[in-house]
Amino acid sequence: MGLQGATGLKDRGSAPDPVPRAPARLKSALVWVLPPVAVLALVFLYPLALVVQQSLSPENGGGAFDAYASVFASQSFREALGTTVRLAVGATAGCLVLGFVLALIIAFVPFPGARAVAKFIDVFLSFPSFLVTLALLFIYGTVGMANGAWTGLTGAAEGPFHFPTTPWGVLLAEITYFTPFVMRPLLAAFSQLDTAQLEVAAGLGARPARIVRQVILPEALPALAAGGSLVLVMCLNEFGIVLFTGAKDVTTLPMLIYGKAILESDYAAACVVAVVNIAISVGLFGLYRVVSKRAGA
C-alpha cells in the first residue's frame, strides 16, 4: 500500500513530457521551406533581378533612369504599348461575348456530343497558342486553302484573304485561342446554377432572352470577371500568336522586347520594356486573384 501510494504520487506528481522547443520546430520548418525558396530565387527571382539591374545600368553609361527616359520618349514604345492594350482589351471583349454564348449553348441547349465538347475544351487549354495561328494561316493565309480555292475557281492571280497578317488576324487568333479560358469557369458556374430558378421563370412566361438576362447572367458575372481578367493578362503577354502571323504592322510589348534584345542588341531598352510589361502583368494578375477569390474560383 505504501509502495503503491508512493508510486502513484510519483506518477501524478511527475512533469509531462517536454514540449519540443521553438528553435527545434523552427529548424524543422526551415528544412522544408528553404529548398523550394532557394529554387524559386535561383530560377525566377535572380533573372528578374538581373533584368531590373540591367534596365538601371545601361552599357553606354549615364544615369540609372536614362534608359527609362529614352524608352518612354520613343515613338516605338508608345505605339507598342497602345497596340498591346488595344489588342488585349479587344480580344478580352471578344472572348467574353463568344465564350458566354458558347457556354450557354453547351450548358443549356441539349444536343448530342455536348459533354464531349465540354471535355474537348479542357484539352484545348493545353494547346500552344501558335497551333491556332498556324491553322488560320493554313486556311486563310496567302497560299492557304481559301485563297487556293478562290484562285482555282476564278483564275485570279491571288485570293482575297489577307487579314491573317493584319491586326484583325492577330485579334481573331487571340479570340479563337483564349475563348476556352472564359468558357471553363462559366461552365463550372452554370453547373452549380439551380435549375429550379429557370423552371420557375419559364413557368411564369419569361422568354429565353429574359431568363438569360435576369437569371443566368447575374450568376455568371463572377465567373465572367475571373475569366476575363485571366485572358487580359495572357493577351498582354502573348508573343507566339503575333510572331507566327507575321503581321509586320503589329508590334506589341513582347515583340518590342524581342526586337530590342535580339535584332538590335539594345539590352538596356529591352529590359526597360520588360520591366514595364512585368509591372502591368503583375498588377493585372493581382486584380485577377482578387476577382477569382470573390468568385470562389
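Reading the values: rules and limits
- Residues numbered from 1 in each chain as written.
- Predicted model: local features only at pLDDT ≥ 70, side-chain atom pairs only at ≥ 80, totals over all residues.
- Heavy atoms only, no water.
- Axes fitted to C-alpha atoms, helices over the stretch in contact; angles between N-to-C directions.
- Helix = DSSP H or I, 4+ residues; strand = E, 2+ residues; numbered from the N terminus.
- Parallel < 35°, antiparallel > 145°, perpendicular 65-115°, else oblique.
- Contact = heavy atoms within 4.5 Å.
- Nonpolar A, V, L, I, M, F, W, Y, C, P; charged D, E, K, R; others polar.
- Buried < 20%, exposed > 50% of the residue type's maximum accessible area, 1.4 Å probe, protein only.
- Lys, Arg positive; Asp, Glu negative; His and termini not counted.
- Salt bridge = Lys/Arg side-chain N within 4 Å of Asp/Glu carboxyl O.
- Left-handed = near helix turned anticlockwise from the far one by under 90°.

A. Spatial organisation of the packing of helix α3 (residues 66-73) against helix α4 (residues 75-108). Remark: α3 packs on α4, axes separated minimally by 5 Å, with the N-to-C direction vectors making an angle of 70°. For the element pair α3 / α4, the angle class is roughly perpendicular. Seen from α3, the contacting residues are Val71, Phe72 and Ala73; seen from α4, they are Gln75, Phe77 and Arg78. For the contact of α3 with α4, the residue count by class is four nonpolar, one polar and one charged.

B. Quick peek at the side chain of Glu174. Structurally, the position occupied by Glu174 is in helix α8 (residues 167-191). At 11 Å, Arg86 is the nearest oppositely charged side chain to Glu174, a buried residue that forms no salt bridge. Ignoring anything within four residues of it in the chain, the contact list for Glu174 reads Leu87, Ala91, Cys95, Cys235, Glu238, Ile241 and Val242.

C. Just the packing of helix α6 (residues 129-140) against α8, in detail. Where α6 contacts α8, the two axes come as close as 9 Å, and the packing angle between them is 130°. In terms of their interaxial angle, α6 and α8 are classed as oblique. When you trace α6 past α8, the crossing you get is right-handed. Residues Ser129, Val132, Thr133 and Leu136 of α6 lie in contact with α8, whose contacting residues are Leu172, Ala173, Thr176 and Tyr177.

D. How the structure looks around the pattern of salt bridges. This model, assessed by the stated rule, comprises one salt bridge. Lys260 is paired through a salt bridge with Glu264; the nearest N and O atoms lie 3.5 Å apart. With a relative accessible area of 16%, Lys260 lands in the buried category.

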